Amino acid sequence: MIFKIEDVTVYFPYDNIYPEQYEYMVELKRTLDAKGHCLLEMPTGTGKTIALLSLITSYRLSRPDSPIKLVYCTRTVHEMEKTLAELKVLHDYQVLHLGTQAKILAIGLSSRKNLCVNTKVLAAENRDSVDAACRKRTASWVRALSTENPNIELCDYFENYEKAAENALLPPGVYTLEDLRAFGKNRGWCPYFLARHMVQFANVIVYSYQYLLDPKVAGIISKELQKESVVVFDEAHNIDNVCIEALSVSVRRVTLEGANRNLNKIREEIDRSKATDAGRLRAEYNRLVEGLALRGDLSGGDQWLANPALPHDILKEAVPGNIRRAEHFVHVLRRLLQYLGVRLDTENVEKESPVSFVSSLNSQAGIEQKTLKFCYDRLQSLMLTLEITDTDEFLPIQTVCDFATLVGTYARGFSIIIEPYDERMPHIPDPILQLSCHDASLAIKPVFDRFQSVVITSGTLSPIDLYPRLLSFTPVVSRSFKMSMTRDCICPMVLTRGSDQLPVSTKFDMRSDPGVVRNYGKLLVEMVSIVPDGVVCFFVSYSYMDGIIATWNETGILKEIMQQKLVFIETQDVVETTLALDNYRRACDCGRGAVFFSVARGKVAEGIDFDRHYGRLVVMYGVPFQYTLSKILLARLEYLRDTFQIKEGDFLTFDALRQAAQCVGRVIRSKADYGMMIFADKRYSRHDKRSKLPGWILSHLRDAHLNLSTDMAIHIAREFLRKMAQPYDKTGTMGRKTLLTQEDLEKMAETGVQDMAY
Amino acid sequence: MAGEQVEKRVKYKSSVKDPGTPGFLKISEGMLLFVPNDPKSDSKLKVQTQNITQKFTKEGSNKPPWLNLTIKQGRNHIFEFENYPDMHACRDFITALGKSDEEPKKAAVSTSTEQLSNKELELRFKLLRENSELQRLHKQFVESKVLTEDEFWATRKKLLGKDSIRKSKQQLGLKSMMVSGIKPSTDGRTNRVTFNLTPEIIFQIFAEKPAVRQAFINYVPSKMTEKDFWTKYFRAEYLYSTKNTAVAAAEAAEDEELAVFLKPDEILARETRQKIRRVDPTLDMEADEGDDYSHLMDHGIQRDGTMDVVEPQNDQFKRSLLQDLNRHAAVVLEGRSIDVDSEDTRVVAEALTRVKQGLMFHLKIADSIQVFSSLTRTISTAKNIIGKNPRESFLDRLPKSTKDEVLHHWTSIQELLRHFWSSYPITTPYLHTKVGKLKDAMSNTYSKLDAMKESVQSDLRHQVSLLVRPMQQALDAAFQHYEADLQRRIAKSSGGERPNGYV
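Everything quoted here is computed from the prediction, not taken from an experiment.

## Focus: the overall build of chain B
A count of helical and extended segments in chain B gives 19 helices and nine strands. For chain B, the residues scored as buried account for 40% of the 503 residues in total. Summed over its atoms, the accessible surface of chain B is roughly 29,800 Å², and 52% of this surface lies on carbon and sulfur atoms.

Next up, the structure:
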């Protein structure tokens, strides 16, 4: 359908539109008009992505003189592919109605591991070794060497791509990662470098958050994006965590050991280089004297990761004199490692600000702040000079230099915390020195500053006023949308008691109570016998899940569950979890039914959908609070209180509830879907906790469902399932229009949006 | 027991109150007969001995020696003996009969699926009547016992039509229960524990733990008995359950066979690596890790209380319950992948291994099918020639008897080869003997072909040998395979006995 929002003609590839999608577009357009940032909460399953894509591409078409670029950030590769698939549909529709002028270039971008087509490189087992294997074949010095030595193996795809030079271009169209690989294979061009090259020409780029927020990657990939871009962060409820993680780094014993080995290797390389090609090191020295850390002509494959500090914090100065010579730099690093080793030897927890850390480093090891700051650049330069390609081997020294650079750059918003062991496992000594960032606004600030509009959107952004404070920005629009529904297809419940009327909770003093564990188990035993197909359970942590499953196994509860459904579990091994999920889906498909045990804040809770029969019920066991005694968390809370006036309790509750909402939200991905959500903890019945859930869940949470025992919940579940099994009217009748046609929209345009029925 | 019988003088009572009819009770295998002394009496009795349950009065009680036999259909027959020894003799005889009955019953169960309805039999007869070639083959192979009746028809299901195709057995799924749930039973006095292993449990262990399966194939019976094997296995399981990795490591260091059970399962790891490539891309969380440079070694936040405590997982003697649960559920979902209904643990183990190596296995079969189909092609072209252009056909120029003979040899070789190749790989002793018989029959045919070549007139000899050559080639291929397989088996079994490779 084609309709107008004010002066923009919107091309929407479907015949009907949900009222909330229309409203969403209206708000989005206002944001673009104002060239500002916005915060939009809309439940999943309401077609958020297509609304976004449709409005922004249509907006671009309506302003041909100042074309905007869309940078769409997703959390997972799978969301990336889904977004591009939707864009394809939209693009076809626009081209159909407007002809070739609507043609755009849209690409997905991911790491070498996901884009490479060279089977030999792909054989490497993890991302870092794939990167290294690629560099071994594409680094400029390797290629130069191969002209003399034909035995050196290069990558044909990269060679062909280089040969094509300026002609290596993607024709307009929408390219998923799969399409890019196919195109690359077909033309014999490396899809990874081609995609990276096309970033500057593409109208739409879809990639991971990190490519914009993590300076290490953003500095390489996203350096040249124009200001006239709209940046969208989809599923952005955890964006503050992504931001602080991007700037945090820690050092362990193994890191130091590895770094020492790396230094030995570097030392050897320096000696060898001196003996064979002294000119190289001298040239580097001269370059550094001139103030250039890196050669100007770095080809795409040479630079590996960028500076871990944010672009505007990087000094544009010459590398300090005391580390210009390679040997001197190695000496400085040795002293740094030694100092860090001494600090790790502590028996007490120590907390320090970067300023005092740097000053004691200066007094005890004689390393100045400015020297620290240049560690990253100096190491990069040295590794390039020594022509080191197996970057995956040099990760430890890289980590230490990143640490040094960050600690030398930032005086506030960070703390250094040294812990001799993890609080929860004091018997295992595992000293760690952590530089942790507390201020999410640091990493995202360059994005807000650089781009015209930034859209932050998700299904759960409640309370919506907290995000602008956490990220320190002023949105021009900040709105939370409800979901228009033809039937009550979600059924949230708060379960506070077991059948024996004893309260259930994962509160610290109650969680290991055998009565609670049994009641939690019995709830599931009862539920699996009445709920068809898939059931998902989320626990507050891995260790809690581990413990409770072990107890259920011993007491025979697990066996009772297994009589009804197969059991699959998320483990800390990604590969195993992926296989478990794949099997889980097959068990649901074939009708055997299954239960999936998972963890709030885990990878599954973040990225996997349990829609349709893959999840008819989700049980959230407990409130997923962070471990409040964690030193890093305490430091962050203190910082938030002092800097943003956010109370500790408020932040903790907010954080726990957004995770819980995220977990339960996995079961419903469209309006035709249905599912139940059980919040199994007595604390959910309290208003201050519950009220932090997103509106679209709260509006379905009836008062009668706020304080249930297991038997009552079973009764409600039976009723609900029976009701959902009935046929229903998809468009909605009786005054509640849930699908709008073009006509409806035209009528609305006359009378105003306010009249829209919910 | 056959032919034995017991005869006693008794009184037959139809009920407890019945005064009884005097007469003789004869019990023989399969039949219980009561003959009254008075031939006019109508209380004659003839009962099958199957399904009899018996009650009897105890010696020393003041009751007379009665034996109360209950037939399945519910009728009671009471016999009053003259004395207790008589009664006991009868009682024991019937008990003995009951026992010997059970065994044939079992056998009957296993063949009952093979039992045919009359209708089916009729159909077979009809087919044989109508098709003389078929009849001839049937006569040649079934009556000479190269093939059994069922084997013969198994390859001709199509001929038997839809109704006769046995309804595909619905495979029973696996139980959801975990094997680790089997609790040992103790006698309470000593520290001895006893595990009861059923074929289903063994199947599950083998399916879930390929390393254990492989170990079984490697060790049993050449290195240890099956019982020792399972004892070791449960010892290892016990070590796991104690979670005392130090003890596990120490024991594993001393006992290399035990270590096999304690080490991480490499076969499983290999399978996992293969499976992850075929996983639904929407679930592939590994792909996401590719873009995550924030968690590059030691980057990101390690201990802020959101992430969990990670117990050192690298300990090779640690295996978690969660992993076991996932693995178990995956195996249950896969279902029974093999159709071996054997009590022999080794057969199960080998069959499972073969299924896992599925690909290679299919290739081998494909090879033999190729040989086979090339032969079929020769025959069909030859037949076509007959049909199309009879005058020019060489076959036509042969005397009718020779021609028939050639054609008949063709079809019988076809039949033999079909059975021969479908018997591989040899998994049961049954198949082994079958292949032996087939091979004999084939060499028989081979010599007949030779004889035929010799016997034809010299002017036709060249043509006949051209016709015969592909047949003999096909047979040669079969013989070759037979020999190679035999050698391999011998080598394997002798190699197993002498693990160091001494011959």
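## Re the overall build of chain A
Each helix and strand in chain A was counted, giving 33 helices and 21 strands. Its C-alpha radius of gyration of 28 Å places chain A within 12% of the 27 Å reference for a compact globule of 758 residues. Taken over the C-alpha atoms alone, chain A extends approximately 85 × 70 × 50 Å along its principal axes. Counting only residues that meet the buried cut, chain A has 63% of its 758 residues in that class. When contacts within chain A are restricted to residue pairs at least 6 apart in sequence, long-range pairs at least 24 apart make up 79% of them. Roughly 28,300 Å² of accessible area belongs to chain A as shown, and the carbon and sulfur atoms make up 50% of that amount. Chain A carries 93 positive and 95 negative side-chain charges, and their two centres are separated by 0 Å.

## Some details on the state of the cysteines
All names here are of chain A. Taken as a whole and judged by the stated rule, the model has zero disulfides over all chains. Note on Cys 134: no disulfide assigned, nearest cysteine sulfur contributed by Cys 190 at a separation of 6.1 Å. Judged by its relative accessible area of 10%, Cys 134 is buried. Unpaired in this structure, Cys 375 has its nearest cysteine sulfur neighbour in Cys 401, at a distance of 4.9 Å.

## Describing the UniProt feature "domain: BSD" (unreviewed entry) in chain B
As annotated in UniProt, the feature "domain: BSD" (unreviewed entry) corresponds to residues 110-164 and 189-241 of chain B in the numbering used here. The span residues 189-241 of chain B carries 68% helix and 4% strand; its end-to-end C-alpha distance comes to 23 Å.

## Thoughts on helix H28 (residues 631-644) of chain A
Helix length check: H28 of chain A (14 residues) gives 19 Å between terminal C-alpha atoms against 20 Å at 1.5 Å per residue, within 8%. Among the residues of H28 of chain A, those classed as buried are Ile 632, Leu 633, Ala 635, Arg 636, Leu 637, Tyr 639, Leu 640 and Phe 644 of chain A.

## Some thoughts on unusual backbone geometry
Residue Pro 463 of chain A is bonded to the preceding Ser 462 of chain A through a cis peptide linkage, with omega at -10 degrees. By the element assignment, Pro 463 of chain A lies in the loop between strand S13 (453-458) and helix H22 (466-470). Of the consecutive residues Val 220 of chain B and Pro 221 of chain B, the connecting peptide bond is found in the cis state with omega at 0 degrees. Of note in this structure, Glu 235 of chain A is not a glycine but carries a positive phi near 50 degrees. Summarising the element assignment, Glu 235 of chain A is placed in the loop between strand S8 (229-233) and helix H13 (239-246). For Glu 235 of chain A, a relative accessible area of 8% translates into the label buried. A positive phi angle is found at Gln 501 of chain A, which is not glycine, with a value near 70 degrees. The topology assignment puts Gln 501 of chain A in the loop between strand S15 (490-497) and helix H23 (514-530).

## Looking at the UniProt feature "domain: Helicase ATP-binding" (unreviewed entry) in chain A
The residues that UniProt annotates with the feature "domain: Helicase ATP-binding" (unreviewed entry) are residues 7-285 of chain A. Secondary structure content for residues 7-285 of chain A is 57% helix and 13% strand, and the end C-alpha separation is 59 Å.

## Notes on the side chain of Glu 284 of chain A
Residue and element names in this part refer to chain A. Its location among the elements puts Glu 284 in helix H15 (residues 278-289). According to the relative accessible area criterion, Glu 284 is buried, its value standing at 1%. Apart from residues lying up to four places away in sequence, Glu 284 is in contact with Arg 378, Ser 381, Leu 382 and Thr 385.

## Focus on the pairing of strand S7 (residues 204-208) of chain A
Residues and elements named next belong to chain A. Where burial is concerned, most of S7 is hidden: five out of the five residues are buried. As paired strands, strand S4 (residues 69-74) and S7 are joined by five bridges and run parallel to one another. Looking at S7, one finds that Val 71 is bridged to Ile 205. Two elements, strand S5 (residues 105-109) and S7, share four bridges in a ladder whose sense is parallel. If you follow Leu 109 over to S7, its bridge partner there is Tyr 207.

## Overview of the interface of chain A and chain B
The extent of an interface is frequently quoted as the accessible surface area lost upon association of the parts. Between chain A and chain B, the contact holds 82 residues from the first and 52 residues from the second. Sorting the residues of chain A by area buried against chain B places Arg 127, Glu 245 and Met 562 of chain A first, and these three jointly supply 10% of that buried surface. Inspection of the region where chain A meets chain B yields three salt bridges. Between the two partners, chain A and chain B, sit 26 residue pairs in polar contact (both at pLDDT 80 or more). In terms of residue count, the dominant contributor to the side of chain A that touches chain B is helix H26 (residues 574-589) of chain A (13 residues). Taken together, the residues of the side of chain A that touches chain B break down into 37 nonpolar, 22 polar and 23 charged.

## Digging into the packing of helix H14 (residues 253-276) of chain A against helix H16 (residues 326-344) of chain A
Residues and elements named next belong to chain A. Where H14 meets H16, the axes come as close as 10 Å, and the angle between the chain directions of the two elements is 165 degrees. Looking at the two axes, H14 sits roughly antiparallel to H16. Helix-helix and strand crossings are classified by hand; for H14 and H16 the assignment is left-handed. Of the residues in H16, those in contact with Arg 253, Leu 256, Ala 259, Asn 260, Leu 263, Asn 264, Ile 266, Arg 267, Ile 270 and Lys 274 of H14 are Ala 326, Glu 327, Val 330, Leu 333, Arg 334, Leu 337, Leu 340, Gly 341 and Leu 344. Residue classes in the contact of H14 with H16 are distributed as 11 nonpolar, three polar and five charged.

## Quick look at the nonpolar core
Counting residues in hydrophobic clusters, the biggest one holds 181 residues, and the most contacted among them are Phe 233 and Ile 456 of chain A. Looking at which element gives the most residues to this core, the answer is H16 of chain A, with 10 residues. Setting aside its immediate chain neighbours within four residues, Ile 456 of chain A contacts Cys 38, Leu 39, Leu 40, Phe 233, Ala 236, Ile 239, Phe 448, Leu 461, Leu 471 and Phe 473 of chain A. Among the nonpolar cores identified, the runner-up in size contains 130 residues, and Cys 491 and Leu 558 of chain A together with Ile 202 and Ala 248 of chain B belong to it.

## Thoughts on the side chain of Lys 692 of chain A
Tracing the backbone shows Lys 692 of chain A in the loop between helix H30 (687-690) and helix H31 (695-698). Put simply, Lys 692 of chain A is tucked away with no salt bridge, and the nearest opposite charge, on Asp 650 of chain A, sits 4.5 Å away.

## A closer look at the confidence of the model for chain A
For chain A, mean pLDDT is 90; residues scoring 70 or higher make up 96% of the total. Note on residues 754-758 of chain A: pLDDT is under 50 here. Beyond four places in sequence and across chains, it has 12 contacts.

## Details of the sheet that holds strand S20 (residues 675-680) of chain A
Residues and elements named next belong to chain A. Spatially, seven strands are ordered S17-S18-S16-S19-S20-S15-S21 in an open sheet, and the strand pairing comes out parallel. This sheet does not close on itself; its edge strands, each paired only once, are strand S17 (566-569) and strand S21 (708-709). As judged from the six bridges shared by S15 and S20, these two strands associate in the parallel manner. By the bridge assignment for S20, Cys 491 is matched with Met 676. Packed onto the sheet, helix H24 (residues 542-555) meets strand S16 (534-539), S17, strand S18 (594-599) and strand S19 (617-621) and runs at close to 140 degrees relative to S18.

## Some words on the pattern of salt bridges
Residues and elements named next belong to chain A. In the structure shown here, the tally under the stated rule is 64 salt bridges over all chains. We note a salt bridge from Lys 48 to Asp 234, for which the minimum N-O separation is 3.8 Å. Of this pair, Lys 48 sits in helix H2 (residues 48-62) while Asp 234 sits in the loop between S8 and H13, placing them 186 residues apart in sequence. For Lys 48, a relative accessible area of 5% corresponds to the buried category. For Asp 234, a relative accessible area of 6% corresponds to the buried category. Note that Asp 688 and Arg 686 form a salt bridge whose closest N and O atoms lie 3.4 Å from each other. Residue classification places Asp 688 among the partly exposed positions, given a relative accessible area of 33%. Overall, Arg 686 belongs to the partly exposed group, its relative accessible area being 45%. The structure contains a network of salt bridges with shared partners spanning Glu 6, Asp 7, Lys 29, Asp 33 and Arg 63.

## Let's talk about the packing of H24 of chain A against helix H13 (residues 321-334) of chain B
Put simply, H24 of chain A and H13 of chain B touch, their axes get as near as 10 Å, and they point 65 degrees apart. For the element pair H24 of chain A / H13 of chain B, the angle class is roughly perpendicular. Residues Met 545, Asp 546, Ile 549, Ala 550 and Asn 553 of chain A of H24 of chain A lie in contact with H13 of chain B, whose contacting residues are Leu 321, Leu 322 and Leu 325 of chain B. Split into classes, the residues belonging to the contact of H24 of chain A with H13 of chain B amount to six nonpolar, one polar and one charged.

The rules behind each value
- Residues numbered from 1 in each chain as written.
- Chains lettered and ligands numbered in written order.
- Predicted model: local features only at pLDDT ≥ 70, side-chain atom pairs only at ≥ 80, totals over all residues.
- Heavy atoms only, no water.
- Helix = DSSP H or I, 4+ residues; strand = E, 2+ residues; numbered from the N terminus.
- Buried < 20%, exposed > 50% of the residue type's maximum accessible area, 1.4 Å probe, protein only.
- Areas by Shrake-Rupley, 256 points an atom, 1.4 Å probe, with all protein chains shown as cover.
- Rg over C-alpha atoms; globule rule 2.2 N^0.38 Å.
- Contact = heavy atoms within 4.5 Å.
- Lys, Arg positive; Asp, Glu negative; His and termini not counted.
- Charge placed at Lys NZ, Arg CZ, Asp CG, Glu CD.
- Disulfide = S-S within 2.5 Å.
- UniProt positions renumbered as here; feature names shortened; annotations may be inferred.
- Expected span 1.5 Å × (residues − 1).
- Pairing = 2+ DSSP bridges.
- Buried area = accessible area lost by both parts, 1.4 Å probe.
- Salt bridge = Lys/Arg side-chain N within 4 Å of Asp/Glu carboxyl O.
- Polar contact = N/O pair within 3.5 Å; in protein donor to acceptor, adjacent residues only side chain to side chain.
- Nonpolar A, V, L, I, M, F, W, Y, C, P; charged D, E, K, R; others polar.
- Axes fitted to C-alpha atoms, helices over the stretch in contact; angles between N-to-C directions.
- Parallel < 35°, antiparallel > 145°, perpendicular 65-115°, else oblique.
- Left-handed = near helix turned anticlockwise from the far one by under 90°.
- Core = buried A, V, L, I, M, F, W, Y, C linked by side-chain atoms within 4.5 Å.
- pLDDT = per-residue confidence, 0-100.

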